[in-house]
Amino acid sequence: MPTVSERVRALHAQMTLEEKLAQIVGYWLDQNGVVAPMQSEMASGQQDAGHLIDVTRNGLGQYTRVYGTRPVDPVERAAWLWDEQRRLKRETRLGIPALVHEECLTGLAAWKAATFPTPLAWGASFNPDLVRDMAEAIGGSMRELGIHQGLAPVLDVIRDPRWGRVDECIAEDPYVVGVIGSSYVTGLQSAGVHATLKHFVGYSASRAGRNHAPVSAGPREIADVFLPPFEMALLDGGARSVMNSYAEIDGVPLGSSEEYLTGLLRERWGFDGVVVADYFAVAFLEVTHAIAADRGAAAAAALTAGIDVELPTGDAYLVPLAERIRAGEFDEAYVDRAVLRALAQKEELGLLEPDVFEDEAPTSVDLDSPRHRELARRLAEESVVLLSNDGILPLSISDDRPSRIAVIGPNAHRAEALMGCYSFANHVLAHHPEFPIGFEIPTFLEGLTAELGTDAELVYAEGAAVEGDDRSGFDEAVTAAVDADVAVVVVGDQAGLFGRGTVGEGNDSESLELPGVQRELVEAVIATGTPVVMIMLTGRPYAVSWALDDERRPAAVLQSFFPGEEGASALAGVVSGRVNPSGRLPVSMPRSAGAQPFTYLHPPLGGASEVTATDPTPVRPFGFGLSYSQFEYSGLTVDSEVAAGGTFTASVTVTNTGARVANDVVQLYGHDVAASVTRPVVQLLGFQRVAVEAGQSVTVSFSVPTQRFAFSDRSMTRIVEPGAVQIWVGAHASATAESASATVRKTMTITGEAHVVVPSDRRLVTAEISRLFSAVAT
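Residues numbered from 1 in each chain as written. Predicted model: local features only at pLDDT ≥ 70, side-chain atom pairs only at ≥ 80, totals over all residues. Heavy atoms only, no water.

Asker: Honestly, the overall build of the chain in this entry has me stumped. Any pointers?
Answerer: Within the chain, the secondary structure is distributed over 23 helices and 26 strands. Here the C-alpha radius of gyration of the chain, 26 Å, is about what a compact globule of 778 residues would show, namely 28 Å. When the 778 residues of the chain are sorted by exposure, 64% land in the buried category. Across the chain, contacts joining residues at least 24 apart in sequence account for 80% of those joining residues at least 6 apart. Carbon together with sulfur atoms contributes 48% to the accessible area of the chain, which is approximately 26,100 Å² in total. Taken together, the 59 basic and 101 acidic charged side chains of the chain have centroids lying 3 Å from each other. (Helix = DSSP H or I, 4+ residues; strand = E, 2+ residues; numbered from the N terminus. Rg over C-alpha atoms; globule rule 2.2 N^0.38 Å. Buried < 20%, exposed > 50% of the residue type's maximum accessible area, 1.4 Å probe, protein only. Contact = heavy atoms within 4.5 Å. Areas by Shrake-Rupley, 256 points an atom, 1.4 Å probe, with all protein chains shown as cover. Lys, Arg positive; Asp, Glu negative; His and termini not counted. Charge placed at Lys NZ, Arg CZ, Asp CG, Glu CD.)

Next up, the structure:
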């Protein structure tokens, strides 16, 4: 049993079976539009809920998406929620309020709330401090509206960009995912809202990048790649909730895996929070996995494994489970275990206090305050990645530089193109086109117009849509480009869910070519001879070697991963030069769809070789990003030896050889020269974002636990193995010592016996990062 207070135990002791079950389910008040997988099918099979009073006669565990299922005025909805919580206290026998959960991946999923950059942009910023501040602001909005639990962050490590949910992920490197995801957790929870880690575990390793497809990852890949971000977010970030993955690993659905949900999560890591089901995941044990004969069997399997709360409804945990218990076919002790955890969470959130909801509901809220917008702007600016530039950027508006600019492309004048699939606009408002977005979000065309003012004449042509093969707009686009000094072509994705877009949940892709005829549009504009700046607004990296390395290519290419409400201003600032780009790729830019899955963390056999005709080498590597300045690295020093399990130091001099102040993301890499199992040819050990004045140098130091080199040995024990390792600083994962983008590699020796890593003595982050979590109780 979990450690719980006497108050919780006394409350539990009074409960009937029906009251217990009511505390471990959710209720979805408004199932309007499709925002969850198979929602229509699952809803049609549910028992008629009847009147709300009848539904909650035994109490209620959680309210599902009170604000985020349809557009409701936040103040009016808050007034309803406060009244409803008081009714639950007054009219149910035990008087326990409901916990309210909501999506919050790119900001609170509510009408009129700020929309921040998508998680891929968090990764591109390499700025965990800023992500923490963003999450704190999001949490503040949630708490103000009576929301207690946020369904974020997503800690799935990217393995295949064809997967639609890459939009929701942070990076292909588990360390970056863990650091930035943990920062989000600490920020959200500092506002009094519990973070929920998704999706535990291995979800992103689905075959061929298909959503809900089987996962064939071995136990070592799970342990060394997919689990560390969750371990960091729990033990360093202090996350209080975990959500299971829809996936099955080697034939076992995670929703029924006692090995992971109890053995690892609870017994090994010591997690004492709450595990919630991804929407309909309990029922899916019957419907899509076919390991349960009916809903009662599915409920028994999930509860035994360790899923405490069924979301979004009580399809399995209510009547089917009650019948099974009364028939003597299931031990009620598993229900008791889950109820105690759910009540302990409510107590932790203040929901068991006598005076909770006795105050008045908010009569005004600002969900898109100047603080929200400042954070959104900074994160958008720091996440823009400059992939190529022949010198055309930044544009200089003067007598001898461009003054007539053609702005072309399907994403040049659409606000929806700036937001991810879990933004309220693309997630919910897609079903309600009669409603406005509800906050200010200029398009790129509007942002560039405001940026340049009267110094430039802008001419707009859409050219083509994001999807489809309609080329009827090409002529207008070509004419606009011919008459311009420069053409800015904005291409990319439309985020959505389950077929409503080109990327997002359920929108997996067989191809990594730009959707529709967008490549043809860009090439038609290039053929005019007018210099072209191509901007990609996407939720995944695309195979665009033709735009980066071919002879006839754009003069510059910018990558922006759904930069949110201030994205247009950020991109316009980069184009004008007001913003010096400093984003770095959190995921490799693929060569082709056929080269997937790929990760920069591959062993020697995972790269290009003479024994295969295919080349998986990305066209731009993990960590890559240009600036309007240049950086040189020199004077790397590394400890010559360190005991296994100890900490070593490395320092390097970073010189800005350009003419303007710039931010650099200094990346420390390593390689285990010879190990008992194959290891990556390159591995990120640490990173720091630093500002360097023009012509100046700074010294950047790292304090690195040798556990950054830890791996699962042949007995599946996590160890730091003694032996030689190489250390270097580079501008990206494939930087070599032949250029200024990397230092000469230093060899360090890890000495002593193999060090076994245990949860009570784990140090997975560098000292520079650990300060972010120093105030978190682990």
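Continuing now.
Asker: Explain helix α8 (residues 174-190) to me, please; I cannot follow it from the model alone.
Answerer: Note: α-helices contain 3.6 residues per turn, so residues at a spacing of three or four share the same orientation. In this model, α8 (17 residues) spans 24 Å end to end at C-alpha, consistent with the 24 Å of a helix rising 1.5 Å per residue. When you tally the buried positions in α8, you get 16 out of 17 residues, the bulk of the element. Its side-chain oxygen 2.9 Å from the backbone nitrogen of Y175, D173 forms the N-cap of α8. G192 sits one or two positions beyond α8 and adopts a positive phi of about 90 degrees. (Expected span 1.5 Å × (residues − 1). Polar contact = N/O pair within 3.5 Å; in protein donor to acceptor, adjacent residues only side chain to side chain.)

Asker: I'm lost on the sheet that holds strand β18 (residues 647-656) in this one. Help?
Answerer: Within a sheet, each strand pairs with its neighbour through backbone hydrogen bonds, oriented either parallel or antiparallel. The strand order across the open sheet formed by 3 strands is β16-β18-β21, and the pairing between neighbours is antiparallel. Each of the sheet's edge strands pairs with one partner strand only, and the pair in question is β16 (631-638) and β21 (697-705). Ignoring which end each strand starts from, the neighbouring axes of this sheet average 25 degrees apart. Alignment of β16 against β18, held across 6 bridges, turns out to be antiparallel. Within the sheet, the bridge partner assigned to V638 lies in β18 and is A650. (Pairing = 2+ DSSP bridges. Axes fitted to C-alpha atoms, helices over the stretch in contact; angles between N-to-C directions.)

Asker: Would you mind showing me how to read the side chain of T106 here?
Answerer: Mapped onto the fold, T106 is located in the loop between β3 (99-102) and α6 (119-125). Within the local environment of T106, its side chain forms a polar contact with the backbone nitrogen of S423, the two atoms lying 3.5 Å apart. The residues touching T106, leaving out its near neighbours within four places in the chain, are A114, T115, F116, P117, T118, P119, Y422 and S423.

Asker: Would you mind showing me how to read the confidence of the model for the chain here?
Answerer: Low-confidence regions, as indicated by low pLDDT, have predicted coordinates that should not be scrutinised in detail. The share of residues in the chain with pLDDT of 70 or more is 97%, and the mean pLDDT across the chain is 94. Note on residues 44-49: pLDDT under 50 across the span, and 8 contacts to partners over four residues away in sequence or across chains. (pLDDT = per-residue confidence, 0-100.)

Asker: What am I meant to see in the pattern of salt bridges here?
Answerer: Using the criterion set out here, one finds 47 salt bridges in the structure. Notably, a salt bridge pairs R70 with D30, separated by 3.4 Å at the nearest N-O pair. Taken as a pair, R70 in the loop between β2 (62-64) and α5 (74-91) and D30 in the loop between β1 (26-28) and α3 (39-44) lie far apart in primary sequence, 40 residues in all. Classification of D30 as buried rests on a relative accessible area of 14%. The salt bridge partner of E84 is R87, with a shortest N-O separation of 2.7 Å. Residue E84 and its partner R87 are both found in helix α5; the two are separated by 3 residues, about one turn of the helix. Note on accessibility: E84 and R87 belong to one class, buried. Beyond isolated ion pairs, a larger network of salt bridges with shared partners links E84, R87, R90 and E91. (Salt bridge = Lys/Arg side-chain N within 4 Å of Asp/Glu carboxyl O.)

Asker: Looking at this structure, how should I read the sheet that holds strand β22 (residues 711-712)?
Answerer: Taken together, 3 strands build an open sheet; the order of strands is β22-β23-β26 and the sheet is antiparallel. At either end of the open sheet lies a strand with only one pairing partner, and these are β22 and β26 (755-756).

Asker: Before we go on, may I ask you to explain the environment of E416 in this structure?
Answerer: With respect to the helices and strands, E416 occurs in the loop between β11 (404-408) and α17 (424-427). Assessed through its relative accessible area of 30%, E416 is described here as partly exposed. E416 sits 300 residues away from M716 along the chain, and the two C-alpha atoms are 46 Å apart. Discounting residues that sit within four places of it in the chain, E416 has contacts with N426, I437 and Q494.

Asker: Teacher, can you tell me more about the pairing of β18 here?
Answerer: In summary, the side chains of a regular strand alternate between the two faces of the sheet. Extensive coverage of β18 is indicated by the burial of 7 of its 10 residues. Sheet topology note: the β18/β21 ladder contains 9 bridges and is antiparallel. Note on β21: the bridge partner recorded for V654 is V698.

Asker: How do you make sense of the nonpolar core when you look at a structure like this?
Answerer: Across soluble globular proteins, nonpolar side chains have a tendency to be buried as a group. Y184, F200, V201, Y317, L393 and I408 are the most contacted members of the largest nonpolar core, which totals 241 residues. Broken down by element, the residue count for this core peaks at 8 residues, all from α8. In contact with F200, not counting residues within four places along its chain, are L227, F230, V242, M243, N244, S245, L254, Y260, L261, L264, L265 and W269. Formed by 28 residues, the second largest nonpolar core is a distinct cluster that contains A644, V700, V704 and I727. (Core = buried A, V, L, I, M, F, W, Y, C linked by side-chain atoms within 4.5 Å.)

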